[in-house]
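Below, each chain spelled out in residue letters.
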Amino acid sequence: MTADLTLRPAARLTRPRAAPLRLDTAIGHAVMVILAVFCLFPVYWMIVTSLRPANEIFDATLWPTSASLENYAHALRSIPVWRMLANTFAVSALVTLAQVVTGLLAAYAFARWRFRGDRLVYSMIAMTWLVPFQVVMIPNYLLVANMGLLDSLSALIIPHFAGALAVLMLAQAMRSFPAEVIEAARMDGAGNWRILWQVIAPNLRGTIASLAILVFISTWNEYFWPLLLSRSPENSVIQIGIQMFMTSEGTAWGPLMAAATMASLPILLIYIVLQRQVVQSFMKSGIR
Amino acid sequence: MADLNISGVKKLYDGKQVLHGIDIAIQDGAFVVIVGPSGCGKSTLLRMIAGLEDISEGDIAIGGQVVNDIDPAGRGCAMVFQNYALYPHMTVRENMAYPLKIARLPRTERDRRVAEAAAILDLTPYLDRRPAQLSGGQRQRVAMGRAIVREPQVFLFDEPLSNLDAKLRVTMRIEIRRLHRRLNATSIFVTHDQVEAMTLADMLVVMNGGHVEQMGTPVEIYRRPASTFVAGFLGAPAMNLMPARVQGGRVVLEGAGGHALTVPGLAIPEGTAFTLGVRPEEIEVARSAPLMAQVDLVEELGGSRIAWVAAAGQELAVMLPRDLADTPVSRLGLVLPAGALHAFDLASGKRIALTLAEAAASQRAAVAVA
């Protein structure tokens, strides 16, 4: 190594010297590797199990001896996977769009206007974020049932039309938006509507993207609410499809894992494409 | 273009009064600079003219029309902000065209005005860049361009040069003045920088603590400051102010020496204590004089030198004459010429007439105003 560096001094200038391997860094890395294995192993196991033939399903080998796509074929035959994926995508996309739009409108009001009780309303919205969905599930169910929307995709979307996270995140971002720019827009003749959509929103692209990713992923992974509402497979999302392999006669683990793998793929793709953005949005929102 | 009338304007924030009845009449086409220390209410006043702040009391009229209840866009004012306030996601062209787009001007007219403003401000090569790709001076010019294209009746400038470095500030100052000469639009410029104030203004308004201390041309204000505040605020270094008293028909400096000055036609009654003022550049320096001063420190400014001296128990700033420029000095004789002295009331700080001639002149001025 030394000889190599002396022979090529240019490399020495451009390449930072490798940090000496110290004990504490080594321990740190070891811990991270263990944690990573903990997180990744279930995903790995899901994929491996989905490739195992039925008679090997409970094998503890790390790799299936005779991998096959039989489980995928089975899954595609027994439930309308494509339809369900399309449903899930449509629901997630519409919920995301709706939350961004309603969030922007509400956040603008909170960030820009002073009105009687504004702080109270804001903190009440913040509080709804702390209430678990299971608490409002039954009232929501009754509401949707009375609207005659049971077993429909609309019922999956409407209760999520506005979200506290969206309002809080966007209001925070808008508060730090320079007041002078908004005043300049007012002097230029822009009203509130223009200021929101033409001046503020285009400059909050980063926050909006983060928010959209968070909402999309969490809607995609939603299970309880669809479980409560869905009756027919055609009006269900993929998470319900997975559950359909768990019957009173037993669980079809192979097709279930195949369906689960297919359900994860779109999210995995989003993650791969927007990796940096996704990690940032999780850090920004301070959750998970 | 229009004249602008501010009458009896007050501003209250949560019951606390920050502007105490401002009256300013601005002629069409004038370049008015409002100057004062931070917190004096100058920016608040400008924002009230712009329509960004409500008027608690009083009226603001532009071109004869009271605009109190007209929204900012309808007042015919364009504002240049301290931090430029450009739209970060728009190009220079879009930034400048935005107010015209909102006003639904036809595209050809928009393009014509933007091209014209860009040519005036040397921005033509940068029209397709975004603000982040521009230097501070260029951003400031875009902000001015956005104001120019609207062809406003009144230009408002809110400390527009304070974020620029010293050299650029001088360049932009001259550009703003040239621009005013070219467009001849009524302009109101707020600053805390006295050099900007002196150099830019046709009319200078000095504000302090929510009041107008003095209004007038820069030269008038410099030569006849209306109060110790104005005397101390304009001029670098500031006017020397020292306690004095009239004794035996002469002006006697309080303090160690008890130095007495003969002022012909002294108008201040015997025994009165007051504040005496004299500008550093008006003090004459001699090898020896009845008033001797100990030099404490000499500041080299290149073109001139300022000596900080102790005389008659006071610290005074003295501008050294050129012929003394290179000699080291430790003791100086000082002459305070009677014609260069200012007198201020001890309690209120307001200007009082030092001589009979001054008293007569101010009486004439008062009669003329009335």
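Bear in mind that the values here come from a model prediction, so they are computed numbers and not experimental data.

### Quick notes on unusual backbone geometry
All names here are of chain B.
Right, so step 1: Cis geometry is adopted by the peptide bond preceding Pro 237, which originates at Ala 236 and carries an omega value of -5°.
Right, so step 2: Of note, Pro 237 is situated in the loop between α8 (228–233) and β11 (240–247).
Right, so step 3: The phi dihedral of Asn 184 is positive, around 55°, even though this residue is not glycine.
Right, so step 4: Within the secondary structure, Asn 184 is located in the loop between α5 (166–183) and β8 (186–191).
Right, so step 5: C-beta crowding within 10 Å serves as the criterion here: with 13 such atoms nearby, Asn 184 is assigned to the partly exposed category.

### Thoughts on the sheet that holds strand β17 (residues 305–311) of chain B
Residue and element names in this part refer to chain B.
Right, so step 1: Spatially, β15-β19-β16-β17-β18 is the arrangement adopted by the 5 strands of the open sheet, whose pairing is antiparallel. Looking at which strands have only one partner, the edges of the open sheet turn out to be β15 (284–286) and β18 (314–320). Looking at each pair of strands side by side, their axes are set apart by 45° on average, direction ignored.

### Structural notes on the domain arrangement of chain A
Residues and elements named next belong to chain A.
Right, so step 1: Annotation of chain A at the domain level lists domain 1 (19–68) and domain 2 (74–285).
Right, so step 2: For domain 1 versus domain 2, the distance between C-alpha centres works out to 31 Å.
Right, so step 3: Between domain 1 and domain 2, the residue contacts involve 7 residues of the former and 6 residues of the latter.
Right, so step 4: Tallied by class, residues from the side of domain 1 that touches domain 2 come to 4 nonpolar, 2 polar and 1 charged.

### Some details on the nonpolar core
Right, so step 1: Within the largest apolar cluster, 159 residues are counted, with the highest numbers of intra-cluster contacts made by Leu170(A), Ala259(A), Val32(B), Ile34(B) and Leu156(B).
Right, so step 2: The greatest single-element share of this core, amounting to 10 residues, is contributed by helix α5 (residues 81–112) of chain A.
Right, so step 3: Sequence-distant contacts of Leu156(B), that is, excluding residues within four places in its chain, are made with Leu46(B), Ile49(B), Ala50(B), Cys77(B), Ala78(B), Met79(B) and Ile188(B).

### Quick word on the confidence of the model for chain B
Right, so step 1: Taken over all residues, the pLDDT of chain B has a mean of 90, while the share at 70 or more is 98%.
Right, so step 2: By mean pLDDT, helix α9 (residues 356–369) of chain B is the weakest element of chain B at 80, and strand β3 (residues 31–35) of chain B is the strongest at 96.

### Side note on the confidence of the model for chain A
Residue and element names in this part refer to chain A.
Right, so step 1: Confidence along chain A averages 85 in pLDDT terms, with 91% of residues attaining 70 or more.
Right, so step 2: When pLDDT is averaged over each helix and strand of chain A, the minimum, 41, is found for helix α1 (residues 2–7) and the maximum, 95, for helix α11 (residues 192–200).
Right, so step 3: This model gives residues 1–13 a pLDDT under 50, and the stretch forms 2 contacts once residues within four places in sequence are excluded.

### Focus on the sheet that holds β3(B)
Residue and element names in this part refer to chain B.
Right, so step 1: Taken in spatial order, the 6 strands make up an open sheet running β6-β7-β8-β3-β9-β10, and their pairing is mixed. Strand pairing shows two members of the sheet lacking a second neighbour, β6 (77–80) and β10 (211–216), which therefore form its edges. Looking at each pair of strands side by side, their axes are set apart by 20° on average, direction ignored.
Right, so step 2: Where β6 meets strand β7 (residues 154–158), 4 bridges bridge the pair, whose relative direction is parallel. From the neighbouring strand, Met 79 faces β7, where its bridge partner is Leu 156.

### Details of helix α10 (residues 179–187) of chain A
Right, so step 1: The buried fraction of α10(A) amounts to 7 of the 9 residues, a majority that puts the element mostly inside the structure.
Right, so step 2: Val181(A), Ile182(A), Glu183(A), Ala184(A), Ala185(A), Arg186(A) and Met187(A) are the residues of α10(A) that are buried.

### Focus: the domain arrangement of chain B
Residue and element names in this part refer to chain B.
Right, so step 1: Looking at chain B, the domain boundaries give domain 1 (4–227) and domain 2 (230–369).
Right, so step 2: For domain 1 versus domain 2, the separation of C-alpha centres amounts to 37 Å.
Right, so step 3: Each partner contributes residues to the interface: domain 1 has 10 residues there, and domain 2 has 11 residues.
Right, so step 4: Those elements that provide at least two residues to the side of domain 1 that touches domain 2 are α6 (194–200), β10 and α7 (218–223).
Right, so step 5: In the side of domain 1 that touches domain 2, the residues fall into 6 nonpolar, 3 polar and 1 charged.

### Topic: the packing of helix α9 (residues 164–175) of chain A against helix α12 (residues 205–220) of chain A
Residue and element names in this part refer to chain A.
Right, so step 1: Remark: α9 packs on α12, axes separated minimally by 10 Å, with the N-to-C direction vectors making an angle of 165°. As judged from the angle between their axes, α9 and α12 are roughly antiparallel. Where α9 crosses over α12, the two elements pack in a sense that is right-handed. Taking contact as the criterion, the partners of Leu 165, Ala 166, Met 169, Leu 170 and Ala 173 in α9 are, on α12, Thr 207, Leu 211, Leu 214 and Val 215.

Here is what the cut-offs are and how they apply
- Counting starts from 1 at the beginning of each chain's written sequence and moves along it residue by residue.
- Here the convention is simple: chains get letters from A, ligands get numbers from 1, in the order in which they are written.
- Selection of residues for local features in this predicted model requires a pLDDT of at least 70, selection of side-chain atom pairs for listing and counting requires 80 or more, and totals for whole chains, interfaces and linings are taken over all residues.
- What counts as a helix is a DSSP run of H or I of at least four residues, what counts as a strand is a run of E of at least two, and both are numbered from the N terminus.
- Buried, partly exposed and exposed are defined by the number of other C-beta atoms within 10 Å of a residue's own C-beta, namely 20 or more, between the two limits, and 12 or fewer respectively, with C-beta atoms placed from the backbone.
- Following DSSP output, two strands are said to pair if at least two bridges run between them.
- With axes taken as lines fitted to C-alpha atoms, and helix axes fitted only over the stretch in contact, angles between N-to-C directions fall between 0 and 180 degrees.
- Start and end points for every domain follow an automatic or database-based domain assignment.
- Residue pairs are scored as contacts if the distance between their C-beta atoms, which are placed from the backbone, is within 7 Å.
- Classification used: nonpolar for Ala, Val, Leu, Ile, Met, Phe, Trp, Tyr, Cys and Pro, charged for Asp, Glu, Lys and Arg, polar for all others including Gly.
- A set of buried residues qualifies as a nonpolar core if it consists of Ala, Val, Leu, Ile, Met, Phe, Trp, Tyr and Cys joined through C-beta atoms within 7 Å.
- Within a predicted model, pLDDT stands for the predictor's per-residue confidence, ranging from 0 to 100.
- Working rule for angles: under 35 degrees goes down as roughly parallel, over 145 as roughly antiparallel, 65 to 115 as roughly perpendicular, anything else as oblique.
- In this scheme the crossing of two helices becomes right-handed for a clockwise turn of the near helix relative to the far one and left-handed for an anticlockwise turn of less than a right angle.

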